[in-house]
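Letter by letter, the chains look like this.
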Amino acid sequence: MEIKRKQYADLERLLFTEEEIRSAVQTLGARISADYEDKEPLLICVLKGACVFFSDLIRAIDTPVSIDFIAASSYGGGTRPQHEVILKHEPSQSVKGRDVILVEDIMDTGNTLLCLKRFFEETGAASVRIAALLDKPSRRCVPLQPDYSCFTIPDAFVVGYGLDYDEQYRSLPEIGILSPTVWDK
Ligand code: IMP
């Protein structure tokens, strides 16, 4: 408990409570259920940041879904993205002819999701949409928007509900802005 209390002390402020997140994920699940009523989309979780959002989202969708996992990386432990995207873990099933929904924690510059979207289009997916828990549009540097997102946030480094800084804070149930004193060290 002491560790978690320290993690809260590292936050500049809370952005979204557990209840606000739950409600936004339920609303998004209902939207995806309606959009994919007669289909069986393949939801692909982009590890690790999206894991908490993903597990809540798939349970908020009424229609049958398949799931898979990939890992991509464009971060080296800091708060600013590098441009190279590396696929560290590929999906375990073919995406050929599938309606893919890439589930990501946050769309920041957009580099990661643009690379992943192109990868799955080139691999033969029937369609590729993006569901990002958070959208940080002020830092976008590629022409891409999420098809679905729960919250739009300002240009700040956020943690919690799966999102990390240096592998910390993922298990916080809320989302908050990390104090610059933590990443400025
Ligand atoms: P991109 O800049 O859109 O390619 O984002 C790449 C990745 O950076 C995201 O998937 C996140 O894992 C990470 N990221 C971007 N902004 C934040 C943030 O505010 N908090 C935690 N991770 C972030």
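Residues numbered from 1 in each chain as written. Predicted model: local features only at pLDDT ≥ 70, side-chain atom pairs only at ≥ 80, totals over all residues. Heavy atoms only, no water.

### A few points about unusual backbone geometry
For the bond running from leucine 47 to lysine 48, omega is -5 degrees, close enough to zero to count as cis. When you line up the elements, lysine 48 lands in the loop between strand 2 (42–47) and helix 3 (51–59). Here the phi dihedral of tyrosine 161 falls at roughly 50 degrees; this positive angle occurs in a residue that is not glycine. Relative to the helices and strands, tyrosine 161 resides in the loop between strand 8 (158–159) and strand 9 (175–178). For aspartate 166, which is not a glycine, the phi torsion comes out positive at approximately 55 degrees. Within the secondary structure, aspartate 166 is located in the loop between strand 8 and strand 9. (Helix = DSSP H or I, 4+ residues; strand = E, 2+ residues; numbered from the N terminus.)

### Examining the sheet that holds strand 1 (residues 11–16)
Strand pairing in a sheet takes place through backbone hydrogen bonds and is either antiparallel or parallel in direction. Across the sheet, which stays open at both edges, the three strands sit in the order 1-9-8 with antiparallel pairing between neighbours. The sheet is open, and its two borders are formed by strand 1 and strand 8, each paired with just one other strand. When strand 8 meets strand 9, the two strands line up antiparallel, connected through two bridges. Bridge assignment links valine 158 to a residue of strand 9, and that residue is isoleucine 177. (Pairing = 2+ DSSP bridges.)

### Some details on the environment of alanine 132
Tracing the backbone through its elements, the reader meets alanine 132 in strand 6 (residues 127–135). Alanine 132 sits in the buried class, given a relative accessible area of 0%. Taking the C-alpha atoms as reference, alanine 132 lies 8.7 Å from phenylalanine 151; in sequence the two are 19 residues apart. Among residues more than four places away in sequence, those in contact with alanine 132 are Phe53, Glu104, Asp105, Ile106, Met107, Pro146, Tyr148, Ser149 and Cys150. (Buried < 20%, exposed > 50% of the residue type's maximum accessible area, 1.4 Å probe, protein only. Contact = heavy atoms within 4.5 Å.)

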